[in-house]
Amino acid sequence: MDNRPGGQGLGSEWGLSLLVAAGGQKWLWDTGKSGLFLDNAQRLGLDLSRIDGLALSHGHYDHVGGLAALIHAGFRGPIVAHPALTRQRFSINASEHKDVGMQAELRALLPGSLQQTTGNRFLAPGLRFVTDIPRLPGRFTATTHLYLDSEASKPDDLPDDAFLLMDTPRGAVVVLGCCHSGLANSLLHAAELANVNKLHAVVGGMHLYSAAQDAQEEVAKVLETLECEIIFPGHCTGDASISFLEQRLPGRVRPLRTGLFFAFS
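Residues numbered from 1 in each chain as written. Predicted model: local features only at pLDDT ≥ 70, side-chain atom pairs only at ≥ 80, totals over all residues. Heavy atoms only, no water.

Undergrad: Where do I start with the layout of surface pockets in this structure?
TA: To find the voids left in a structure, one rolls a probe of water-molecule size over its atoms. Size it by volume and the largest pocket reaches roughly 860 Å³. Along the walls of the largest pocket sit 33 residues, with Leu 19, Val 20, Leu 260, Phe 261 and Phe 262 positioned nearest its centre. Put simply, the parts of the chain that give the lining of the largest pocket at least two residues each are strand 1 (18-22), strand 2 (25-29), helix 1 (36-43) and strand 11 (163-168). If one sorts the elements of the lining of the largest pocket by residue count, strand 1 sits on top with five residues. Size it by volume and the second largest pocket reaches roughly 570 Å³. In terms of lining residues, the second largest pocket is bounded by 26 residues, among which Ser 91, Thr 144, Leu 146, His 207 and Tyr 209 are the most central. Where the lining of the second largest pocket is concerned, the elements lending two or more residues are helix 2 (61-64), strand 5 (90-93), strand 6 (96-99) and helix 6 (213-225). Residues belonging to the lining of the second largest pocket are distributed by class as follows: twelve nonpolar, ten polar and four charged. (1 Å grid on protein atoms, 1.4 Å probe; cavity = no way out; pocket = protein on both sides within 12 Å on 5 of 7 lines; lining within 4 Å. Points joined across faces, edges and corners; volume = space filled by probe spheres on them. Helix = DSSP H or I, 4+ residues; strand = E, 2+ residues; numbered from the N terminus. Nonpolar A, V, L, I, M, F, W, Y, C, P; charged D, E, K, R; others polar.)

Undergrad: Before we go on, may I ask you to explain helix 6 in this structure?
TA: Since there are 3.6 residues in each turn of an α-helix, residues three or four apart along the chain are aligned in direction. In a regular helix each residue adds 1.5 Å, so 13 residues correspond to 18 Å; helix 6 covers 18 Å between its end C-alpha atoms and thus fits that length. For helix 6, the full list of buried residues reads Ala 215, Gln 216, Val 219, Ala 220, Val 222 and Leu 223. Buried residues of helix 6, seen end-on, are gathered within an arc of 165 degrees and therefore sit on one face of the element. Looking at helix 6, the residues exposed on the side facing more than 90 degrees away from the buried face are Gln 213, Asp 214 and Lys 221. Considering only its buried residues, helix 6 is in contact with helix 5 (183-194), strand 13 (201-205), strand 14 (230-234) and helix 7 (239-248). (Expected span 1.5 Å × (residues − 1). Buried < 20%, exposed > 50% of the residue type's maximum accessible area, 1.4 Å probe, protein only. Arc of directions from axis to C-beta. Contact = heavy atoms within 4.5 Å.)

Undergrad: Any chance you could explain the sheet that holds strand 2 here in plain terms?
TA: Pairing between sheet strands relies on hydrogen bonds along the backbone, with the strands arranged either parallel or antiparallel. The strand order across the open sheet formed by five strands is 1-2-3-4-7, and the pairing between neighbours is mixed. If you trace the sheet from one side to the other, it starts and ends with strand 1 and strand 7 (114-116), each paired once. Along the sheet, successive strands turn relative to each other by an average axial angle of 30 degrees, direction set aside. In the sheet, strand 2 pairs with strand 3 (residues 53-55) via three bridges, with the strands oriented parallel. Within strand 3, the residue paired with Leu 28 across the bridge is Leu 54. (Pairing = 2+ DSSP bridges. Axes fitted to C-alpha atoms, helices over the stretch in contact; angles between N-to-C directions.)

Undergrad: Even after reading the chapter, I still don't get helix 1, so can you show me in this structure?
TA: Along helix 1, the residues that are buried comprise Phe 37, Leu 38, Asn 40 and Ala 41. The arc that holds every buried residue of helix 1, seen down its axis, measures 160 degrees, which confines them to one face. Summarising the geometry of helix 1, the exposed residues directed more than 90 degrees from the buried face are Gln 42 and Arg 43. Phi turns positive, to about 75 degrees, at Gly 45, one or two residues after helix 1.

Undergrad: Which parts of the structure should I look at to understand the pairing of strand 11?
TA: It is a general feature of regular strands that their side chains alternate between the two faces of the sheet. A large share of strand 11 lies buried, amounting to five of its six residues. Where strand 9 (residues 127-130) meets strand 11, four bridges bridge the pair, whose relative direction is antiparallel. Note on strand 11: the bridge partner recorded for Val 130 is Phe 163. Of the strand pairs in this sheet, strand 11 and strand 12 (residues 171-176) are connected by six bridges, and their pairing is antiparallel. Bridging across to strand 12, Asp 167 finds its partner in Ala 172. If you look at the hairpin formed by strand 11 and strand 12, you'll find two residues sitting between the two strands.

Now the structure itself:
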């Protein structure tokens, strides 16, 4: 599920939820902000109560909000996330003062299921969960106006920001959540972990919807440097930045939408 509708009677909302199959297993990547992803899965003939696990990219409402619906649907598998997932979080600027973290009723569902993970770990053969992403000075990160308290006195650098790294027959594939660590930081770290100098594909949110042009240029440059063949930007990437990437990287950009299916084999 993505912000962009995809037809077939599928719902869309501001959020992200992807089903990832690798190494003979199926893992759900985020749950959107409601149970809408479950309705879509049912329409597509997918039973998410029987998946092997859930991995969460970070603790914002639009990625964890559907957790209760998934558990109520019968899911009892492991939940993998960074220890900072459950922190209180706020988005505060001149026009907004909003609680954007995981709500208390969702945090109460986690004990016993949550496998707190730092660094990186394999979820299945060829599928790795990566967090604690190194951030080099001067590179773009999407953490402006984000705080750990309602008084905006404690900036939130989102250490729980994570991505999935897939080893596929066509090459390394990176699956993003919101990419608060910045795309350059994330992709260069992925390439280092995979011991490659090029990526086959990047999928997911790049958090460029309010980014300045220099951030857009940085993103385009790293995608060029890593010779990324296919880019599926979605969720928080933003229409303007998607258009920018389509112009800079012609033929390589395919905007994400609800119901999209792709195989890297």
